[in-house]
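Residues per chain are reported as follows:
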Amino acid sequence: MRNIESSRRPAFTIIELLVVIAIIAILVALILPAVQGAREAARRMQCSNNLKQLGLALHSYQCSHGVFPPSELNSSGSAGCDPGEVAVEDNPTACTDYASWTVLCLPFMEQSALAAEYDYESPWCSLENREAISTPLTIFNCPSTPGQDRVD
């Protein structure tokens, strides 16, 4: 008859297993802030790159036209909007005759198709421009900006 203790295989005890799990948990806890810091640095870099792209678009416009784009454009059409009426957050159905400089810079931000959709003869919030102005562009959002209304 063989000895029962000699036929047993060596194995981890519960205590050893718990120690290994605790060591792994501590290592993960130490690495997690470093990973989050690297992600935030990447988000800041993307935001910086977005600002650089906007600056390049403005300067490309200036090189093409000899002047920087105006801050606002006054369209000649009315399309249901009274001149001087401004769209505000608490009145989203209000309309203005003025478009922003961003519309003029769209072709220089690699958004030529979106610029082609925009009707410069109609107010920016008219039905003709509704799809063009409701298209979200990630270049205008910083990835680390908190909030539910930002574009991912």
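Treat the numbers as computed from the prediction; the structure is a model and nothing was measured. (Residues numbered from 1 in each chain as written. Predicted model: local features only at pLDDT ≥ 70, side-chain atom pairs only at ≥ 80, totals over all residues. Heavy atoms only, no water.)

1. Topic: the overall build of the chain
Here comes step 1: The secondary structure content of the chain amounts to 4 helices and 2 strands.
Here comes step 2: Seen in sequence order, the chain has helices and strands lined up from the N terminus as α-β-β-α-α-α.
Here comes step 3: Counting across all 152 residues of the chain, residues that qualify as buried make up 20%.
Here comes step 4: In the chain, 54% of the contacts between residues at least 6 apart in sequence involve partners at least 24 apart. (Helix = DSSP H or I, 4+ residues; strand = E, 2+ residues; numbered from the N terminus. Buried < 20%, exposed > 50% of the residue type's maximum accessible area, 1.4 Å probe, protein only. Contact = heavy atoms within 4.5 Å.)

2. Quick notes on the packing of aromatic side chains
Here comes step 1: One pass over the structure, following the stated rule, counts 1 aromatic pair.
Here comes step 2: Between Y61 and F108, the ring centres sit 5.9 Å apart and the planes meet at 85°, which makes this aromatic pair edge-to-face. Here F108 lies in the loop between helix 2 (101–105) and helix 3 (112–117) and Y61 lies in helix 1 (residues 14–65), a separation of 47 residues in the sequence.
Here comes step 3: Residue classification places F108 among the partly exposed positions, given a relative accessible area of 28%. (Phe/Tyr/Trp six-rings, centres within 6.5 Å; stacked < 30°, edge-to-face > 60°.)

3. Comments concerning helix 1
One full turn of an α-helix is made of 3.6 residues, so residues set three or four places apart face in the same direction.
Here comes step 1: When the terminal C-alpha atoms of helix 1 are compared, their 75 Å separation across 52 residues agrees well with the 76 Å that a helix rising 1.5 Å per residue should span.
Here comes step 2: Looking at the buried positions of helix 1, the neighbouring elements they touch are helix 2.
Here comes step 3: Where helix 1 ends, the next residue or the one after it, G66, has phi of about 85°, a positive value. (Expected span 1.5 Å × (residues − 1).)

4. Remarks on unusual backbone geometry
Here comes step 1: The backbone of E110 shows a phi angle near 60°, a positive value even though the residue is not glycine.
Here comes step 2: Tracing the sequence through the fold places E110 in the loop between helix 2 and helix 3.
Here comes step 3: Here E110 falls in the exposed class, since its relative accessible area comes to 74%.

5. Some thoughts on the pattern of salt bridges
Here comes step 1: Enumeration over the complete set of coordinates arrives at 1 salt bridge.
Here comes step 2: With a closest N to O distance of 3.1 Å, E40 and R43 form a salt bridge. Of this pair, E40 and R43 both sit in helix 1, 3 residues apart, which is roughly one turn of that helix.
Here comes step 3: The exposure class assigned to E40 is partly exposed, which follows from its relative accessible area of 26%. (Salt bridge = Lys/Arg side-chain N within 4 Å of Asp/Glu carboxyl O.)

6. Digging into the nonpolar core
Here comes step 1: Counting 15 residues, the largest nonpolar core has C105, L106, M109, L114, Y118, L137 and I139 as its most contacted members.
Here comes step 2: Sorting the residues of this core by element identifies helix 1, helix 2 and helix 3 as the ones contributing at least two each.
Here comes step 3: Once residues lying within four places of it in the same chain are set aside, the contact partners of I139 are N50, Q53, L54 and M109. (Core = buried A, V, L, I, M, F, W, Y, C linked by side-chain atoms within 4.5 Å.)

7. Quick notes on the side chain of N50
Here comes step 1: Mapped onto the fold, N50 is located in helix 1.
Here comes step 2: Of note is the side chain of N50, whose polar atom sits 3.1 Å from the backbone oxygen of N141.
Here comes step 3: With residues near it in sequence (within four places) discarded, N50 still touches T138, I139 and N141. (Polar contact = N/O pair within 3.5 Å; in protein donor to acceptor, adjacent residues only side chain to side chain.)

8. Focus: the confidence of the model for the chain
Here comes step 1: Per-chain confidence: the chain averages 76 in pLDDT, with 73% of residues scoring 70 or above.
Here comes step 2: For the chain, the element scoring lowest by mean pLDDT is strand 1 (residues 72–74), at 68; helix 1 scores highest, at 90.
Here comes step 3: Ignoring residues within four places in sequence, the model shows residues 76–92, a span with pLDDT below 50, making 23 contacts including any to other chains. (pLDDT = per-residue confidence, 0-100.)

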